[in-house]
Amino acid sequence: MSTRERYAAYADRIAAVSPAYAAWARSLDDDLVAMLEQLPPTQRQPELLFAVARSLGADPSDPAALRALGQEARPALVTALATATVQANDPRRLGPVVPVVAMVARSVDRPIGLVDVGASAGLCSIPDRVTLDYRVADGTDPDRTPLATSHPGARGRDVRQGVRHRTVRMHTAPADPSIHLVADAWGALPAPATAPIRIAARVALDPHPIDPAAPDALDRLVQAVPPEALDRIALMRSAMSATLAVPPVRITGRVPDDLDAAIDALPDGCEPLVLTTGTLVYVPGAERQRFVDRIRERGVRWVALERTGILRDVAATLPDDVDPADPDAFATLSLDGVAVAVSDAFGTRVRWVRPV
């Protein structure tokens, strides 16, 4: 996929959520495309470009601001893009992740030691602080679907899709501050957690970690969020409060080189679990494979929610009917290298393809 095609696809995907970002993605001229193609593929991501542009003063409400920045401040833009990392840190990605972490937690007799790779401010380091509800269409795998805990909407009807649904409580946060997530789910649904996830220690690995206690922490994160996404910003604020209650040990580093240091920072007596959520797309292919190989060599559990197809061995375990071009299969959730679900880019629509 060419740079221009990548941005066109991004515009189509984001238009309903952010007309401003869709307009920016469609505003690329030949000069901006040429500039991006001078950079490594990992530094050409739309979210990265837009976050850097905003940090340099571009107004996302102005469709021409991106082109103007490329013309008026090109050296600064290139320099910033060369070393920048995306800090979006979207806690909604925990919607698919929490049931798998809960399964791992109940399968061992000791608490989890979580290593969040590409952690940013650690807003995805809190699966235990998530109360998660799945909206399940009636008739979805009736032999596996648990009993509903509530019936949202008038008479339980989803007006948008014209189907009846029920809400299944998948996990309950045992303490506040916490966040509440709701996702649509179907397929081979996992069983709800019967006990809270126990996490004894957290390590956040990132090349540019953000201290959630810093006064400007939320402002830095919001630069990577579409300006219209006010609900998402509010959720990030709540997740930041939850993260501050159980702060991770922050390690400045990259994968694969610093993976061992992050795992070794966990105390004895916990079950190491490595978590990646939208991280590995920013790791070059050869280094990405080194990361996967090192995970296997260390023999630690690994939960990943990553762009469908970038992990070849994981992609090989997907059912044949999964289309990577389908927006609802944008990301693949895997456990120890085996695909268990696919989801949209935000983790709000989850199709479970394999029992866990």
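These numbers were taken from a predicted model, which means no experiment stands behind them.

**Q** Where do I start with helix 5 (residues 65–72) in this structure?
**A** Helical geometry note: an α-helix holds 3.6 residues per turn, so side chains three or four residues apart project in the same direction. All of the buried residues along helix 5 are A65, L66, L69 and G70. Considered in projection along helix 5, the buried side chains sweep an arc of 140° and stay on one side of the axis. Structural note: helix 5 exposes Q71 and E72 on the side pointing more than 90 degrees away from its buried face. Where the residues of helix 5 are buried, they touch helix 2 (19–26), helix 3 (30–36), helix 4 (46–55) and helix 6 (74–83).

**Q** So what exactly am I meant to see when it comes to the packing of aromatic side chains here?
**A** Both the distance between ring centres and the angle between the ring planes are used here to describe each pair of aromatic rings. Tallied over the entire structure, the rule returns six aromatic pairs. Relative to W24, the ring of Y21 has its centre 6.0 Å away and its plane inclined at 10°; by these criteria the two rings are stacked. Placement of both Y21 and W24 in helix 2 is noted, with a separation of three residues, approximately one turn of the helix. On the basis of relative accessible area, Y21 is assigned to the buried category, the value being 1%. Looking at W24, the relative accessible area reads 0%, which means it is buried. Aromatic ring contacts, followed pair by pair, group Y7, Y10, Y21, W24 and F50 into a single cluster.

**Q** I tried to follow the confidence of the model for the protein chain on my own but got confused; where do I start?
**A** When pLDDT is low, close inspection of the predicted coordinates is not appropriate. Here the protein chain shows a mean pLDDT of 91. Residues at 70 or above account for 92%. In this model residues 142–160 is a low-confidence stretch, pLDDT under 50, and it forms 37 contacts with partners more than four residues away in sequence or in other chains.

**Q** Just checking my understanding: could you explain the nonpolar core for this structure?
**A** Of all hydrophobic cores here, the largest spans 82 residues; its most connected members are L49, F50, L81, Y134, L333 and W352. Of the residues forming this core, the biggest block, nine residues, is contributed by helix 7 (residues 94–107). Among residues more than four places away in sequence, those in contact with L333 are P96, V97, V100, V303, A304, L305, V338, A339, V340, A341 and W352. Of all hydrophobic cores here, the second largest spans 31 residues; its members include A262, I263, L311 and V314.

**Q** Which parts of the structure should I look at to understand the pattern of salt bridges?
**A** Between side chains of opposite charge, a pair can form when the charged atoms approach closely. In the structure shown here, the tally under the stated rule is 20 salt bridges. For the salt bridge of E287 with R290, the shortest nitrogen-to-oxygen distance reads 2.9 Å. Residue E287 and its partner R290 are both found in helix 11 (residues 285–298); the two are separated by three residues, about one turn of the helix. Across the pair D313 and R296 runs a salt bridge whose closest N-O atoms are separated by 3.1 Å. Of this pair, D313 sits in helix 12 (residues 312–315) while R296 sits in helix 11, and the two are 17 residues apart along the sequence. A relative accessible area of 41% means that D313 is categorised as partly exposed. Shared partners join several salt bridges into a network, and the residues in it are D260, D264, R294, E297 and R298.

**Q** Whenever I open this one, helix 2 confuses me. Can you help?
**A** Residues of helix 2 that are buried: A20, Y21, A22, W24 and A25. Against the buried residues of helix 2 lie helix 1 (3–14), helix 4 and helix 5.

**Q** Is there a simple way to explain unusual backbone geometry in this structure?
**A** Going from D176 to P177, the amide bond is cis rather than trans, its omega being 0°. Tracing the backbone shows P177 in the loop between strand 4 (163–171) and strand 5 (179–187). With omega at 5°, the peptide bond leading from V255 into P256 counts as cis. Mapping P256 onto the fold places it in the loop between strand 7 (249–252) and helix 10 (259–264). A positive phi is found at S120, a non-glycine position, where the angle reads about 55°. Tracing the chain through its elements places S120 in the loop between strand 1 (112–117) and strand 2 (130–137). Note on S120: relative accessible area 2%, which makes it buried. Unusually for a residue other than glycine, D336 sits at a positive phi of about 55°.

**Q** How should I be thinking about the environment of A121 in this particular structure?
**A** With respect to the element layout, A121 can be found in the loop between strand 1 and strand 2. For A121 and A213, which are 92 residues apart along the polypeptide, the C-alpha to C-alpha distance reads 9.3 Å. Those residues in contact with A121 that lie beyond four places of it in its chain are N89, I210, P212, L221 and T243.

**Q** Would you mind showing me how to read the side chain of R129 here?
**A** Mapped onto the fold, R129 is located in the loop between strand 1 and strand 2. There is no salt bridge for the buried R129, and the closest opposite charge comes from D128, which lies 4.7 Å off by N-O distance. Here P177 takes part through its backbone oxygen, which lies 3.1 Å from a polar atom of the side chain of R129. If we skip the residues at most four places from it in the chain, R129 touches A173, A175, D176, P177, S178, I179, A242, A245 and V246.

**Q** So what exactly am I meant to see when it comes to the packing of helix 2 against helix 4 here?
**A** Each pair of packed helices gets described by two things: the angle between the helix axes and the distance between those axes. For the pair helix 2 and helix 4, the least separation of the axes is 11 Å and the interaxial angle reads 100°. Here helix 2 is positioned roughly perpendicular relative to helix 4, judged by the angle of their axes. Seen from helix 2, the contacting residues are Y21, W24 and A25; seen from helix 4, they are F50, A53 and R54.

**Q** What am I meant to see in the state of the cysteines here?
**A** The term disulfide refers to a covalent linkage connecting the sulfur atoms of a pair of cysteines. One pass over the full model with this rule turns up zero disulfides. Not part of a disulfide, C124 finds its nearest cysteine sulfur in C270, a span of 20 Å.

Parameters at a glance
- Residues numbered from 1 in each chain as written.
- Predicted model: local features only at pLDDT ≥ 70, side-chain atom pairs only at ≥ 80, totals over all residues.
- Heavy atoms only, no water.
- Buried < 20%, exposed > 50% of the residue type's maximum accessible area, 1.4 Å probe, protein only.
- Helix = DSSP H or I, 4+ residues; strand = E, 2+ residues; numbered from the N terminus.
- Arc of directions from axis to C-beta.
- Contact = heavy atoms within 4.5 Å.
- Phe/Tyr/Trp six-rings, centres within 6.5 Å; stacked < 30°, edge-to-face > 60°.
- pLDDT = per-residue confidence, 0-100.
- Core = buried A, V, L, I, M, F, W, Y, C linked by side-chain atoms within 4.5 Å.
- Salt bridge = Lys/Arg side-chain N within 4 Å of Asp/Glu carboxyl O.
- Lys, Arg positive; Asp, Glu negative; His and termini not counted.
- Polar contact = N/O pair within 3.5 Å; in protein donor to acceptor, adjacent residues only side chain to side chain.
- Axes fitted to C-alpha atoms, helices over the stretch in contact; angles between N-to-C directions.
- Parallel < 35°, antiparallel > 145°, perpendicular 65-115°, else oblique.
- Disulfide = S-S within 2.5 Å.

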